[in-house]
Structure formats: C-alpha cells, structure tokens
Amino acid sequence: MRGWPIAVRLESLGQPFREALETAARLGFQGVEFDAVGDLSPASLTQTGRREVQFLLRRHGLRLVALGFPTRRGYEYLDRLDVRIEATVAAMLLAYDLGAGLVINQLGIIPPVEDEAKRMILRESLSRLSNEGDRVGARIAFQTGSDSPAALAELLGSVANSGLAINLAPASLVTAGEDLEGAIEKLAPWIAGVHVRDIVRSPLASAGVREVSMGEGEIDWRRLLRVLDMVDGCRHLTIVREPAAGSEAAISKAKGYVESLIG
C-alpha cells in the first residue's frame, strides 16, 4: 500500500492558526488543510500575508494540501452566482500561491432531472470553475455526502473540461446510507483527497451520528484504504475531527491508527 502523506485539518485542533501549525508539526503531520476565511481569506491575505503563510509552512516542514472555501449557497442558484464564482476563483488562486492545487467546497444540491434549467446553471457554473482553475493552476474539489455518488459522477462527467475533483468524505457517505466501495468506484476519476473520520450511527445523537476514535466506528478503514490504493488521483489523507473532540491526544491517536494501516 502506498505511503500517503497524512495531513490534519487545522480547525479540528481548535487552536489559533499559528499555534495549530506548531501543533501539527509537533505531532508529525506532513500537511495541513484550513479554511480560507477571516484573516486567511483571499481578500484579507495581501501578497505580504501570503508570503508570511508560506514562510510559516516552510518553517514547520508542512505543506498545504488543500484550502477549504465554504460558501453559503451552492453553484446551482443564480442569486449572486457571479460573485460566488469569482470568490471561489480567488480562493483557487490563493491555494496556488500557497502551494496547494486544491480548494474544497460543497457543490450544492444537484437539481432533479426534470429541472433542466437549474441543471444547466449548475453545469455552466462547473464549466466556468473548471476553466478558471486551469487558468490559475488549481482545482476545486467537491465534498461528498449531500448527493448520491451516481448523480455526482454523472454531473462531473457531463462537464467537458475535467478540471474538477472530489474530496471523499466516507463518514458523510455512511451517514447518507451509501455503499463506500461503490461510491469510490463511481467517483474514482475525480478523487483527489480523503477526509479521515470515523462515526457510528445513533438515534440518540443530534445529527443521527456520533463521532468516535479512528478504528472504533462503522468504517472499515483497512479495507477502504486498500480500495483507495488503486485510485491514482488520490494524493493525501486528512485527519478531521469535530473541534470539541479534536484534542491533541485524539488527533495523534487517529494519525497513529492510519499510519499502522498504510505503513
């Protein structure tokens, strides 16, 4: 099995940015992911600020594997769509400047087949994002979970330029009742990275699922990583925990578990 770089989502640590970078380095991670919001947003980070972030990453021996860029709405809504796409392109340029070629966001909701007008809006939005990604040197990866893998694969396959990607979130797929191996088979041409998180479904939990330590949940990570080992485009694994549960000890334990599977 390949030795994937293992990253951590900095928001999982629940620490300020600089402190979280120090923690990630001390725990032995090779990469990080964080959201491009607030002081780290494309609009806030000047060229001087971008050079400072680059310096901090180099100093700690870390590389940025992806930038998160959450938007309030998906790319199927006309309302402020141009603004949303322009902001996403700015995030892709920021990702390129910081050494990552990937921006992660939610796609939105794939409209039903009978709503061809809205489906056309979504396809045109994705085509614009793909073309702009080629221009700036970064791709956008859509997080799995809200739509079926079959519908997502059909949509991405309908966009002529393939400068689009998928960030696989197995925990979200399990929550949605999807078959993980079937999802990977359908989405394999687009999978660029994986969010590593374990859960159990529970009617007592507020969202119907409860986060647990890696290896103690419903996901057979050993088997899943063997399947992902055959996906050429999958370049990194990123540990993700809810901030309330993301103590250093819990995240270090998760990292050790993943390393024991791929080592």
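None of these values were measured; they are calculated from a predicted model.

Which parts of the structure should I look at to understand the nonpolar core?
In a soluble, globular protein the nonpolar side chains are often hidden away together inside. Of all hydrophobic cores here, the largest spans 81 residues; its most connected members are Leu10, Val32, Phe34, Leu126, Phe142 and Leu228. Ranked by the residues each element gives to this core, the list is headed by helix α3 (residues 81–97), at 7 residues. Listed in part, the 8 residues of the second largest apolar core include Ala7, Leu102, Ile104 and Ala165.

Would you mind showing me how to read unusual backbone geometry here?
The phi torsion of most residues other than glycine is negative, and most of the peptide bonds are trans. A positive phi angle is found at Arg80, which is not glycine, with a value near 55 degrees. Structurally, the position occupied by Arg80 is in the loop between β3 (63–68) and α3. Judged by its relative accessible area of 55%, Arg80 falls in the exposed class.

I tried to follow the pairing of strand β2 (residues 31–35) on my own but got confused; where do I start?
Where a strand is regular, its side chains alternate between the two sheet faces. Among the 5 residues of β2, 5 are classified as buried, and the element is accordingly described as predominantly covered. Of the two faces of β2, the one holding Gly31, Glu33 and Asp35 and the one holding Val32 and Phe34 are both buried throughout. Examined bridge by bridge, strand β1 (residues 6–9) and β2 share 3 bridges and lie parallel to one another. Each bridged residue has a counterpart across the sheet, and for Ala7 the counterpart in β2 is Gly31. Each parallel crossover has a hand, and the one from β1 via helix α1 (residues 17–26) to β2 is right-handed. In terms of strand pairing, β2 meets β3 through 5 bridges, oriented parallel. Residue pairing across strands places Gly31 opposite Arg63, the latter belonging to β3. On the question of chirality, the crossover connecting β2 to the parallel β3 by way of helix α2 (residues 47–59) is right-handed.

Looking at this model, I keep getting lost on the environment of Leu27. Mind explaining?
Secondary-structure assignment places Leu27 in the loop between α1 and β2. Sequence-wise, Leu27 and Ala249 are 222 residues apart; in three dimensions their C-alpha atoms are separated by 9.4 Å.

How should the pattern of salt bridges be read in this particular structure?
Counted by the stated rule, this structure contains 19 salt bridges. For the salt bridge of Asp229 with Arg2, the shortest nitrogen-to-oxygen distance reads 3.3 Å. Taken together, the residues Asp229 in the loop between α8 (221–228) and β10 (236–239) and Arg2 in the segment before β1 connect sequence positions 227 residues apart. Residue Glu154 pairs with Arg119 through a salt bridge whose shortest N-O separation is 3.2 Å. Within this pair, whereas Glu154 is found in helix α5 (residues 149–157), its partner Arg119 is found in helix α4 (residues 116–136), the two being separated by 35 residues in sequence. With a relative accessible area of 42%, Glu154 lands in the partly exposed category. On the accessibility criterion, Arg119 (10% relative accessible area) is buried.

Before we go on, may I ask you to explain the sheet that holds β1 in this structure?
Strand pairing in a sheet is mediated by backbone hydrogen bonds. Such pairs are either parallel or antiparallel. The 8 strands are arranged β1-β2-β3-β4-β5-β6-β7-β10 in a closed barrel whose pairing can be described as parallel. Between one strand and the next, the sheet's axes are offset by a mean angle of 30 degrees, whatever the strand orientation. Strand direction decides the pairing type here: strand β5 (residues 139–143) and strand β6 (residues 164–168), joined by 4 bridges, are parallel. Within β6, the position partnered with Ala141 by the bridge is Ala165.

What exactly am I supposed to notice about the packing of aromatic side chains here?
Aromatic ring pairs: the centre-centre distance and the angle between the two ring planes describe each pair. Inspection of the entire model under this criterion finds 2 aromatic pairs. Consider the rings of Phe17 and Phe34, whose centres lie 5.0 Å apart with planes at 75 degrees: the pair is edge-to-face. One end of the pair, Phe17, is in helix α1; the other, Phe34, is in strand β2, with 17 residues separating them in the sequence. Look at Phe34 and you get buried, because its relative accessible area is 1%. Aromatic pair Tyr75 and Phe142: ring centres 6.2 Å apart, planes at 65 degrees, arrangement edge-to-face. Placement of Tyr75 in the loop between β3 and α3 and of Phe142 in strand β5 is noted, with a sequence separation of 67 residues between them. Here the two residues Tyr75 and Phe142 agree in accessibility, since each one is buried. Over the aromatic face of Tyr77 sits the side chain of Arg73, whose NZ or CZ is 4.0 Å from the ring centroid. Stacked on the ring of Phe29, the Lys or Arg Lys255 has its end atom at 5.7 Å from the ring centre.

Conventions and cut-offs
Residues numbered from 1 in each chain as written. Predicted model: local features only at pLDDT ≥ 70, side-chain atom pairs only at ≥ 80, totals over all residues. Heavy atoms only, no water. Core = buried A, V, L, I, M, F, W, Y, C linked by side-chain atoms within 4.5 Å. Buried < 20%, exposed > 50% of the residue type's maximum accessible area, 1.4 Å probe, protein only. Helix = DSSP H or I, 4+ residues; strand = E, 2+ residues; numbered from the N terminus. Pairing = 2+ DSSP bridges. Right-handed = clockwise from strand over helix to strand, strands pointing away. Salt bridge = Lys/Arg side-chain N within 4 Å of Asp/Glu carboxyl O. Axes fitted to C-alpha atoms, helices over the stretch in contact; angles between N-to-C directions. Phe/Tyr/Trp six-rings, centres within 6.5 Å; stacked < 30°, edge-to-face > 60°. Lys NZ or Arg CZ within 6 Å of the ring centre and 35° of its normal.

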